[in-house]
Amino acid sequence: MTTPLARSTRPRHLVARLLEQPGLVHLVQGLEAPVLTRLIRHIGLEDAGEIVALATTEQLKGIFDEDLWRSERPGKDETFDADRFALWLEVMLEAGEAFAAQKLAELDEDLVTLALCKHVLVIDVDELAVQMSSAERSDDDDLVDKALESCLYQEFEGFRVIATNHRSWDAILQVLVELDRQHHALLRALLERCCAISSEHIEESGGLYDVLTSEEMLESDVAAEREDRREREGFVAPSAAVSFLNLARITPLEEILKASTYDAVTRAHFRAAAVKPRSAAAAGRRPGDGESAAPAEDVRRFLEVLREAEILPPAAEPPLLTAGPSRGGDLLFTAAVREVMARDPDLYAKRLLELSYLVNVLLSGCSHDGRALRPFEAVEAALCTCNLGFERLAGGRAGRKRPGPDELAATMTEHDAVKMFMAGWHLLHHEVSLVAGGALRRTLASLAKAQVDARAAREIERMARGLEADCDAGKPWRSRGGLARIELELGAEATSMFRALLDECPALPHGLREGAPTREGQALRFFSTAAQIRALHASLERPEASGAKGPARAARADAPGRPRRKRPQPGPGRRSR
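Residues numbered from 1 in each chain as written. Predicted model: local features only at pLDDT ≥ 70, side-chain atom pairs only at ≥ 80, totals over all residues. Heavy atoms only, no water.

A. Structural view of the nonpolar core. Within the largest apolar cluster, 79 residues are counted, with the highest numbers of intra-cluster contacts made by F333, L362 and F527. In terms of residues, this core owes the most to one element, helix α24 (residues 417-450), which gives 16 residues. If we skip the residues at most four places from it in the chain, F333 touches L355, L383, C386, N387, F390, M412, A417 and M420. (Core = buried A, V, L, I, M, F, W, Y, C linked by side-chain atoms within 4.5 Å. Buried < 20%, exposed > 50% of the residue type's maximum accessible area, 1.4 Å probe, protein only. Helix = DSSP H or I, 4+ residues; strand = E, 2+ residues; numbered from the N terminus. Contact = heavy atoms within 4.5 Å.)

B. Broad picture of helix α17 (residues 264-274). Here α17 has its buried residues at T266, H269, F270 and A272. The arc enclosing the buried residues of α17, seen along the axis, measures out at 160 degrees, which places them on a common side. Turned more than 90 degrees from where α17 packs its buried face, R271 and A274 sit exposed. The N-capping residue of α17, defined by a side-chain oxygen 3.1 Å from the backbone nitrogen of V265, is D263. (Arc of directions from axis to C-beta. Polar contact = N/O pair within 3.5 Å; in protein donor to acceptor, adjacent residues only side chain to side chain.)

C. Representation of α24 within the structure. Counted at 1.5 Å a residue, the expected span for α24 with its 34 residues is 50 Å, and the 48 Å between its end C-alpha atoms agrees. In the structure, α24 departs most strongly from a straight axis at L428, where the bend amounts to approximately 25 degrees. Counting buried residues in α24 gives 25 out of 34 residues, a clear majority hidden from the surface. For α24, the capping residue at the N-terminal end is D416, with a side-chain oxygen 3.0 Å from the backbone nitrogen of V418. (Expected span 1.5 Å × (residues − 1). Bend = angle between axes of the 7 residues up to and from the residue.)

D. Structural detail: a negative patch on the surface. A surface patch of like charges, here negative, comprises E46, D47, E90, E94 and D170. Within the element layout of this structure, E46 appears in the loop between α4 (33-43) and α5 (49-52). What makes E46 partly exposed here is its relative accessible area of 49%. (Patch = residues over 30% accessible without salt bridge, like charges linked within 9 Å, V, L, I, M, F, W, Y side chains within 5 Å. Areas by Shrake-Rupley, 256 points an atom, 1.4 Å probe, with all protein chains shown as cover. Salt bridge = Lys/Arg side-chain N within 4 Å of Asp/Glu carboxyl O. Lys, Arg positive; Asp, Glu negative; His and termini not counted. Charge placed at Lys NZ, Arg CZ, Asp CG, Glu CD.)

E. Quick look at the packing of helix α8 (residues 97-106) against helix α12 (residues 169-182). Packing of α8 against α12 leaves a shortest axis separation of 9 Å and a crossing angle of 75 degrees. Our classification of the angle between α8 and α12 gives roughly perpendicular. Where α8 approaches α12, its residues E97, A98, A100, A101 and L104 are matched on the opposing element by Q174, V175, E178 and L179. Residue composition of the contact of α8 with α12, grouped by class: six nonpolar, one polar and two charged. (Axes fitted to C-alpha atoms, helices over the stretch in contact; angles between N-to-C directions. Parallel < 35°, antiparallel > 145°, perpendicular 65-115°, else oblique. Nonpolar A, V, L, I, M, F, W, Y, C, P; charged D, E, K, R; others polar.)

F. The arrangement of the side chain of T251 in detail. Considering the arrangement of structural elements, one finds T251 in the loop between α15 (238-250) and α16 (253-258). T251 has contacts with I256 and H426, leaving out every residue within four places of it along the chain.

Right under this line is the structure:
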């Protein structure tokens, strides 16, 4: 029997169930942009035309800020995805040319200009005529002439709009024609700006297929405005996140522990977040404007459908850090946060705001296992890292009993979560990643000496040189990929351990997870206590733990000319056991 959950998670079935909801317009327009983004992604943009047609312009602005920008890897600045914009345009056109043109007219003009420049070339017809009639024609002019003869284009008054991306041309042309009909002044302003960009392209870039200098500048401006908007919503730009994490690595630990204010990157973030406007347009996302809101029962059913599809969290999901009583195995940091919640709600809210910022820093600027951290991983990593810093600020826990509630609350009151995270991140880098890098370098040196195969020895030595350079640069995680090439010599267990330790966000090797603090019965995957770091150091000091002794011994045993010890055979006077 098919359950409601199974039905709702199938995109087309989910669309059908949503369309059956009474007052769907009010319900959809009452969603925050991030929730509506998740809903559209769950359904699939190509199948979400009915939902997109109900979205307000303010919702679309928020969705575009998140959905139209892509990053190659964590910490890399996001760039505009022109193909994704073209797909959005096609979906909006399903609701009609008038709808699509109206939404474009209401969007930021810089964004629309940038999107058009990614798909078309705009040339002034009069200037083109002068160029083509010139008596001194060059070979380049002939190439441009041939290109113009074979391209798709449409003329609007004094401008020729030429397709540079044939796949998106039909959608672009439809919306331009409708803009010309309904928003003529706006279309002319857009074409003038695109024409200026195209002219500079022709004059300075030297060819139709080169990157436009002015287009890059426009994309930079649009990206900066987008980052400002998202920062006010709590997001952290990749460049800012990378700067913060690097600052935590290179700042001396004592300086971090003595700091009485936020670092410059964090101050800038919270300063931008503090001026977050509550615009009338944002308020307009809620059903209103003289119309009655959807009945409470309709809202309940609508939200339940979204929860079944896991677009919204379960209604009964406990808030982070506050669920259940304090347990002896809890992290000190989480226990301290709960103590502050009970004693000082304002300080509790401030610490949660700081924690939210740190989670967004990890999501935006840090990699884990060669990919971006997943949200639940980023939350756990932030909590564990803060706990490392909390322990250090509280005086360390070596040989001491667990602090009482008053001591926990006092430490959380005196020091902010950002300082705790920076201290913990510094420890992870210097006492985990770099220490593991040094241990691996020693292991590789032993392996190289013990190798009989010269080719394998050279590969190990090459790996060692690269690791040394990466450690000196403060980025040992760049050597993780090379471990696969020497796994046979290093051993699977040691390879797995070093891959976990050399990560940008280092994880606990499986052997150290035993006895780690647990959350909801599951062992934490990241370093959270000084005791774990000490256990790691002790483990790395044992040659067999790092893979150095076993492979080396095996290589010596297999060396040519080395006599093997023979097991004594039973004979007269000996009994076989």
